[in-house]
Amino acid sequence: MPEVGADTPCPCGMPASYSACCGPFHTGDALPPTAAHVMRSRYSAYVLHDEPYLLRTWAPATRPRDVDFDPDMRWTGLEILGTTDGTLFHTTGTVTFVARYTHRGEPGELRERSRFEKADGAWAYVDGTFTDDAS
Ligand SMILES: [Zn+2]
């Protein structure tokens, strides 16, 4: 697991320090305002193996009992390819992204369109479909 402190760059790839980006979401000091923010902060949580945050931002209907972290998986970058809705004015939204990784030294990437919904003011991940489509 990488060492991430308050002043180190956020694992989600935004040009911001962890404490100015996903950190406050992970600690619960702030709620991600958009579906893209919760997507980024969940990616960072996978990097940091923050299981409580992943479960907290998972919609109750699809939430697993626990999160399996593959110890051989190293997440190396996130790129948001597109979003639909998912802003302050919506209650649903999608985020299409590519997450890059190395698994036992072999590089790979995961492309997914994730669905999010907002309940009680908090965005949560519903489910995702793998996609080659960049829209
Ligand atoms: Zn971040």
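Residues numbered from 1 in each chain as written. Predicted model: local features only at pLDDT ≥ 70, side-chain atom pairs only at ≥ 80, totals over all residues.

Novice: Any chance you could break down the pairing of strand β2 (residues 92–103) for me, citing the residues and the numbers?
Specialist: Alignment of strand β1 (residues 73–85) against β2, held across eleven bridges, turns out to be antiparallel. Residue T84 lies in a different strand from β2, and its bridge partner there is T94. Between β1 and β2, which follow one another and run antiparallel, lie six residues, and G86 among them has a positive phi close to 75°. By the bridge criterion, twelve bridges tie β2 to strand β3 (residues 106–119) in an arrangement that is antiparallel. Paired with T102 across the two strands is P107, which belongs to β3. (Pairing = 2+ DSSP bridges. Helix = DSSP H or I, 4+ residues; strand = E, 2+ residues; numbered from the N terminus.)

Novice: Which residues make up the environment of L78, and what are the values?
Specialist: Turning to its location among the elements, L78 is positioned in strand β1. Each C-alpha atom of the pair L78 and D7 lies 19 Å from the other, and the pair is 71 residues apart in sequence. The contacts of L78, once residues within four sequence positions are left out, are C12, G13, R40, Y43, F97 and A99. (Contact = placed C-beta atoms within 7 Å.)

Novice: Which residues make up the nonpolar core, and what values go with them?
Specialist: With 24 residues, the main nonpolar core has A35, M39 and F116 as its most contacted residues. When contributions to this core are tallied by element, the ones reaching two or more residues are α2 (35–48), α3 (51–56), β2 and β4 (122–130). When residues of this core are assigned to their parent elements, the largest contribution, nine residues, is made by α2. Every residue in contact with F116, bar those within four places of it in the chain, is listed here: A35, V38, G86, T92, G93, V95, W123, A124, Y125 and V126. (Core = buried A, V, L, I, M, F, W, Y, C linked by C-beta atoms within 7 Å. Buried ≥ 20, exposed ≤ 12 C-beta atoms within 10 Å, placed from the backbone.)

Novice: Could you give an account of the UniProt feature "domain: YchJ-like middle NTF2-like" (unreviewed entry) in the chain, with specific residues and numbers?
Specialist: Summarizing the sequence annotation, UniProt attributes the feature "domain: YchJ-like middle NTF2-like" (unreviewed entry) to residues 34–128 in the numbering used throughout. Taken as a whole, residues 34–128 contains 21% helix and 48% strand, while its terminal C-alpha atoms sit 17 Å from one another. (UniProt positions renumbered as here; feature names shortened; annotations may be inferred.)

Novice: I'd like to hear about the sheet that holds β3, residue by residue, with values.
Specialist: The sheet built from four strands is open, its strands ordered β1-β2-β3-β4 with antiparallel pairing. Each edge of the open sheet carries a strand with a single partner, namely β1 and β4. Averaged over neighbouring strand pairs, the angle between their axes works out to 30° when direction is ignored. Summarising the sheet, β3 and β4 pair through eight bridges and their orientation is antiparallel. In the strand pairing of β4, E112 is matched with F130. In the packing of α2 onto the sheet, contacts are made with β1, β2, β3 and β4, and the angle to β1 comes to roughly 170°. (Axes fitted to C-alpha atoms, helices over the stretch in contact; angles between N-to-C directions.)

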